[in-house]
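Analysis of the macromolecular model
Okay, here's what each chain looks like letter by letter:
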Amino acid sequence: MAKWGEGDPRWIVEERPDATNVNNWHWTEKNATPWSKERLHQLFKDFKIGNLKFLPKSNLFPWILAGQGEIECEVNAVDTCTGEATVNNRKGKLIFFYEWELVLKWSGRLLGNSKLSHKGKLTIPNLSEENELSDVEITVTIDESNDESETLKQFMYNVGRDKVRQQLGAYIRELKEEYSKNLILPKKGAEDSQQAVNANANAHSQEASNARNAAQKAASNTSLSSPKGSNSAVGCKLDVRTLSMTEEFRCRANDLYNVLTRSDMLTAFTRAPAKVDAVRGGEFALYGGTVLGKFEELVPEKKIQQSWRLKNWASGHYSNVVIELEETSSSTMMTLMQTGIPASEYDAMKTNWHRYYWHSIKQTFGFGSSISDAL
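A short tour of the structure in this document, coming up. (Residues numbered from 1 in each chain as written. Predicted model: local features only at pLDDT ≥ 70, side-chain atom pairs only at ≥ 80, totals over all residues. Heavy atoms only, no water.)

1. Side note on empty space enclosed by the protein
Considering all chains together, one arrives at one cavity of 30 Å³ or more under this definition. There is about 90 Å³ of room inside the largest cavity. Along its surface, the largest cavity is lined by L260, L266, V276, F284, L286, F295, I304, Q306, W308, I323, W353 and Y357. Secondary-structure elements contributing two or more residues to the lining of the largest cavity are β9 (283–286), β11 (303–310) and α7 (346–365). Here the element with the most residues in the lining of the largest cavity is β11; it accounts for three residues. Among the residues making up the lining of the largest cavity, the classes are represented as 11 nonpolar, one polar and no charged. (1 Å grid on protein atoms, 1.4 Å probe; cavity = no way out; pocket = protein on both sides within 12 Å on 5 of 7 lines; lining within 4 Å. Points joined across faces, edges and corners; volume = space filled by probe spheres on them. Helix = DSSP H or I, 4+ residues; strand = E, 2+ residues; numbered from the N terminus. Nonpolar A, V, L, I, M, F, W, Y, C, P; charged D, E, K, R; others polar.)

Here you go:
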């Protein structure tokens, strides 16, 4: 074996008591999974989201801000936490890997109304070093849908998600601070060693600072207007837009609800195989798999909420579709709101909803005009 000062320095082993990873050449790894799970549980244990009275005025909640009530929400605990985190040292450079899927339990109350507690879940499908903190997808759901719980859900969507991102930023920062310690061993020569350790520590301190700043930036962008969409494509930011439209159908709300949720009726107006499991969490595939998604919420005759995408969109990216039905004395008014549409698809999306959904439904089932209109 070569002795110190002779031969290729990459293969030299210093004469030191531990004889371990001299000059930090070899790959070393630390398992940060147990620490991460414990810390994530701590960060989201009884985490207060806040109270609406601290927020600026908004047209979304005029009755609350007028003094008839206040919103109080919190994340109660981590329901499920699956994934892993590791820290690697290679050639004196620290590399952090983490990938988590989290489900958080939350609850809220309207203090000025019934004061009943409403519960729901926050789902974070992919917290990873590959994604910017501001791009982390967070889905908000409620256990039971009613007027109060929908108001609380909207608050959690517009305000709570950014507060949760702050906590995720704290986890990332603390992970880097905790595992930057003692993973890089000293090289031969105390002065050079200390300089190398200090330089590495400063570099990762800067990374931690950047993570903290990203979390603060996300919080500062909190808005009570509906967001333009979620960017869940890994490793890139997607330019997205929001589409809203209203259409009148000459039928009962129940008839239109069935058309949009029953596989036989979907097959009829799309003129293509349709696979539909119309329950919360159930998946659907239309037009032979060109349109894919999942039902997030179903209120018969009233509301359909879906995670919705086209097959050719960026991997993992879903838009959010909310269809609301309001029956009148002679017809049903349908309102659609779709957020998270890739900007390049916006014009085609608007045209296709009219052509392949609303026009086709009216043509197939005769919902375009009443008998009296035809006479």
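2. Some words on unusual backbone geometry
One non-glycine residue, R271, adopts positive backbone phi at about 55°. Mapped onto the elements of the fold, R271 is located in the loop between α6 (263–270) and β8 (275–276). Its identity is not glycine, yet E301 carries a phi of approximately 70°, on the positive side. Using a relative accessible area of 35% as the deciding quantity, one classes E301 as partly exposed. (Buried < 20%, exposed > 50% of the residue type's maximum accessible area, 1.4 Å probe, protein only.)

3. Here's the deal with the side chain of S36
The topology assignment puts S36 in helix α1 (residues 33–43). For S36, a relative accessible area of 0% translates into the label buried. Other than its neighbours up to four places away in sequence, S36 contacts A85, W100, Y171 and L175. (Contact = heavy atoms within 4.5 Å.)

4. Observations concerning the pairing of strand β12 (residues 319–327)
Inspection of the sheet shows β11 paired to β12 by six bridges, in the antiparallel sense. Residue pairing in the sheet places S307 in a bridge with N320 of β12. Across eight bridges, β12 lies against strand β13 (residues 332–342) in antiparallel orientation. Residue E324 lies in a different strand from β13, and its bridge partner there is T335. Where β12 folds back on β13, the antiparallel hairpin that results is connected by four residues. (Pairing = 2+ DSSP bridges.)

5. Concerning a negative patch on the surface
Residues E29, E84, E99, E129 and E130 make up a contiguous surface patch of negative charge. Inspection of the secondary structure assignment puts E99 in strand β4 (residues 93–110). (Patch = residues over 30% accessible without salt bridge, like charges linked within 9 Å, V, L, I, M, F, W, Y side chains within 5 Å. Areas by Shrake-Rupley, 256 points an atom, 1.4 Å probe, with all protein chains shown as cover. Salt bridge = Lys/Arg side-chain N within 4 Å of Asp/Glu carboxyl O. Lys, Arg positive; Asp, Glu negative; His and termini not counted. Charge placed at Lys NZ, Arg CZ, Asp CG, Glu CD.)

6. A short note on the pattern of salt bridges
Applying the stated rule across the entire model yields 11 salt bridges. A salt bridge links K121 to D79; the nearest nitrogen and oxygen atoms lie 3.4 Å apart. Linking K121 in strand β5 (residues 118–128) with D79 in strand β3 (residues 71–90), this pair joins segments that are 42 residues apart in sequence. The partner of K362 in a salt bridge is E247, and the shortest N-O contact between them spans 2.7 Å. Of the two residues, K362 sits in helix α7 while E247 sits in strand β7 (residues 240–249), which places them 115 residues apart along the sequence.

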